[in-house]
Every structure is written in C-alpha cells, then in structure tokens.
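Geometric and topological summary
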Amino acid sequence: TFLENHGAKSEKLAETIFTAESVARILLDFFKHVGCSMEQFVSIVPKLYKTLLEHNPIHDTELLLKVYELEDVDEASNTTITYTSEFQGHPSVSTCMAKSLKNLLSVRKC
C-alpha cells in the first residue's frame, strides 16, 4: 500500500495520525462532503503526503510554498491538476483538504 511504501520515521503515523477514523474522515470530506475527484486524489494527495513526510521543520517557512506548488498531469485527460486549481468542475484539492490539513500537518512530526 501507499503508506507501506512511504513509511514514517516513527510508529506515531499509523497509531495517532492515520487511524481508520481519521482516514475515513479525510476520504468522506474529500469525495462526499466537498466533492473532489478521484483523479485529483490520486494525483495530489500522495505528493502532499510525501512533501509533509520529507519536510524538515527547520524549513517551515518553505512548506506552504511547496504544498501550493504541487501538481501532476492526469494521464487520461492530459490535463494538469494542481493543489490550488479546480479540475473539471470539481473544487480545488486545497478546498477538499481544508478540514484535514491540520491532521495531515502532524505528519511533519513523525
């Protein structure tokens, strides 16, 4: 799985941050409550997770810039998906992740 391939530096990630409940909340917010697409999730969320996991707290001032610059190309539509832009009528990933971002930022401390 993605989490197995991108493990944290401690057990804290699975024990306190990505519990079954918190992951379910992230997915419900992303897809059902806010309405982002699977293409956005697959393109941006792994990059967001990796950015947070590899982040050095010494460089906190650079973190938001890195997050807001996240982008990928959806191969099916050959369209660029970014963290901050709408995609095919769906809200931006930043909108869909707004409720979950505080929880996700905890990855930096793992």
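Residues numbered from 1 in each chain as written. Predicted model: local features only at pLDDT ≥ 70, side-chain atom pairs only at ≥ 80, totals over all residues. Heavy atoms only, no water.

**Topic: the state of the cysteines**
Worth spelling out the cut-off: Defined by distance alone, a disulfide is two cysteine sulfur atoms within 2.5 Å. In this text, helices come from DSSP runs of H or I with a minimum length of four residues, and strands from runs of E with a minimum of two, each type numbered from the N-terminal end. Whether a residue is buried, partly exposed or exposed follows from its accessible area with a 1.4 Å probe, protein chains only, as a fraction of its type maximum: under 20%, in between, or over 50%, in that order.
Here the structure, examined in full by the defined rule, presents 1 disulfide. Between the sulfur atoms of Cys36 and its disulfide partner Cys96 the distance amounts to 1.8 Å. Between Cys36 and Cys96, the S-S dihedral sits near 90°, and the bridge is therefore right-handed. In this pair, Cys36 is assigned in the loop between helix H3 (20-33) and helix H4 (38-54) and Cys96 in helix H6 (residues 93-96), connecting sequence segments 60 residues apart. Like Cys96, Cys36 is buried.

**A short note on the pairing of strand E1 (residues 71-74)**
Regular strands place their side chains on alternate faces of the sheet. The condition that has to hold: For two strands to pair, DSSP has to find at least two bridges joining them.
One ladder, built from 4 bridges, connects E1 with strand E2 (residues 79-82); its direction is antiparallel. Residue pairing in the sheet places Asp74 in a bridge with Thr79 of E2. Here E1 folds back onto E2, and the loop between the two strands holds 4 residues, one of which, Asn78, carries a positive phi near 55°.

**Re the pattern of salt bridges**
Heads up, the rule is: The term salt bridge refers to a pairing of a side-chain nitrogen on Lys or Arg with a carboxyl oxygen on Asp or Glu at a separation within 4 Å.
On inspection of all chains with the given rule, the structure shows 2 salt bridges. Between Asp72 and Lys47 there is a salt bridge, and its shortest N-O distance comes to 3.9 Å. Here Lys47 lies in helix H4 and Asp72 lies in strand E1, a separation of 25 residues in the sequence. Overall, the relative accessible area of 33% leaves Lys47 in the partly exposed class. Note that Glu54 and Lys50 form a salt bridge whose closest N and O atoms lie 4.0 Å from each other. In this pair, Glu54 and Lys50 are both assigned in helix H4, 4 residues apart and thus about one turn of the helix distant. On the basis of relative accessible area, Lys50 is assigned to the partly exposed category, the value being 39%.

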